[in-house]
Amino acid sequence: MNTTTPYLNPGLARPAPTEGLDQPFWDGLREEKLHLQRCAACAGWQWGPELVCHRCHSFDLRYEEVEPTGIIYSHQRVWHPVHPALAEQGPYIIVLVELPHADNVRMIREASVHPQPNPHAELTEFLLTRQIRYARASYWDAYVVDFLSGERVIVGSFGPARIPDYEQRVDAHPEAAAFIERMPCSSQFRVAQWCIQVPVGRPEGAAR
Ligand SMILES: [Zn+2]
């Protein structure tokens, strides 16, 4: 991974390793190198660090540098903080990476991407830029835009799943509500994966 825009905000507390089984791993990272455990008896790689080789039960485990490139085996977008330090950080993406140069051992990492591909952020930005305060969309799109906009845009769901508080607030301003539907669609504006019909009588929305 040679891209460098992290999902997590700067200033987050980092692990503070003490002397232990994984010390060479952390020492390596300080020099921007990846060191993993390798068995001197059977030459097998393993991770996380253990006292004994998983394959041959040898205790002769050492650390070796491995090429820090891998294949994303799986990923997950984390919405709920699993630690108090992460309370203000979500959502962020973690990846399970397979290392082909080390017997395909897998490691979990925070994903770093550039640019951050986030179509919902693009949609939210569009609505905020046009000062649209209310909208209707499918349940999931509504949920995400409400979240990403910090409720500066209130999006109710037009699907069977409802978000009651938001429905009421959109119902109270029907003339000001944009309509957001997923492509394929044909209404006024196309943003990322959606078509957007902006409210009638909004000059900043109608212009273009
Ligand atoms: Zn071994």
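Residues numbered from 1 in each chain as written. Predicted model: local features only at pLDDT ≥ 70, side-chain atom pairs only at ≥ 80, totals over all residues.

1. Considerations on the overall build of the chain
- Within the chain one finds 5 helices and 11 strands.
- In the chain, which comprises 208 residues, the share counted as buried stands at 22%.
- Within the chain, contacts between residues separated by at least 24 positions form 43% of all contacts whose residues are at least 6 apart in sequence. (Helix = DSSP H or I, 4+ residues; strand = E, 2+ residues; numbered from the N terminus. Buried ≥ 20, exposed ≤ 12 C-beta atoms within 10 Å, placed from the backbone. Contact = placed C-beta atoms within 7 Å.)

2. Some remarks on the sheet that holds strand β2 (residues 45-46)
- Spatial ordering of the open sheet is given by β2-β1-β3, a layout of 3 strands whose pairing is antiparallel. Sheet topology places β2 and β3 (61-66) at the edges, where each strand pairs with a single neighbour.
- Direction of pairing for strand β1 (residues 34-39) relative to β3: antiparallel, over a ladder of 6 bridges. Bridge pairing links Arg38 to Arg62 in β3.
- Across the sheet, helix α1 (residues 23-30) is in contact with β1 and β3; its angle to β1 comes to roughly 150 degrees. (Pairing = 2+ DSSP bridges. Axes fitted to C-alpha atoms, helices over the stretch in contact; angles between N-to-C directions.)

3. With respect to the pairing of strand β11 (residues 194-197)
- Alternating residues of β11 divide into Trp194 and Ile196, all buried, and Cys195 and Gln197, none buried.
- Taken together, the 3 bridges between strand β10 (residues 189-191) and β11 define a ladder with antiparallel strand orientation. Considered in β11, the bridge of Phe189 is made with Ile196.
- The loop that links β10 with its antiparallel partner β11 comprises 2 residues; one of these, Ala192, has a positive phi angle of about 50 degrees.

4. Concerning the environment of Leu12
- By the element assignment, Leu12 lies in the segment before α1.
- Sequence separation of Leu12 and Leu86 is 74 residues, and the distance between their C-alpha atoms is 8.0 Å.
- Contacts of Leu12, omitting those with residues within four sequence positions, involve Ala85 and Gln89.

5. Examining the sheet that holds strand β6 (residues 105-110)
- An order of β4-β5-β6 is seen for the 3 strands of this open sheet, with the pairing classed as antiparallel. The open sheet terminates on both sides in strands that have one partner only, identified here as β4 (71-78) and β6. If you compare each strand with its neighbour and ignore which way they point, the axes differ by 20 degrees on average.
- Relative to β6, strand β5 (residues 92-99) is paired through 6 bridges, and the arrangement is antiparallel. Across the sheet, residue Leu99 finds its bridge partner in β6, namely Val105.

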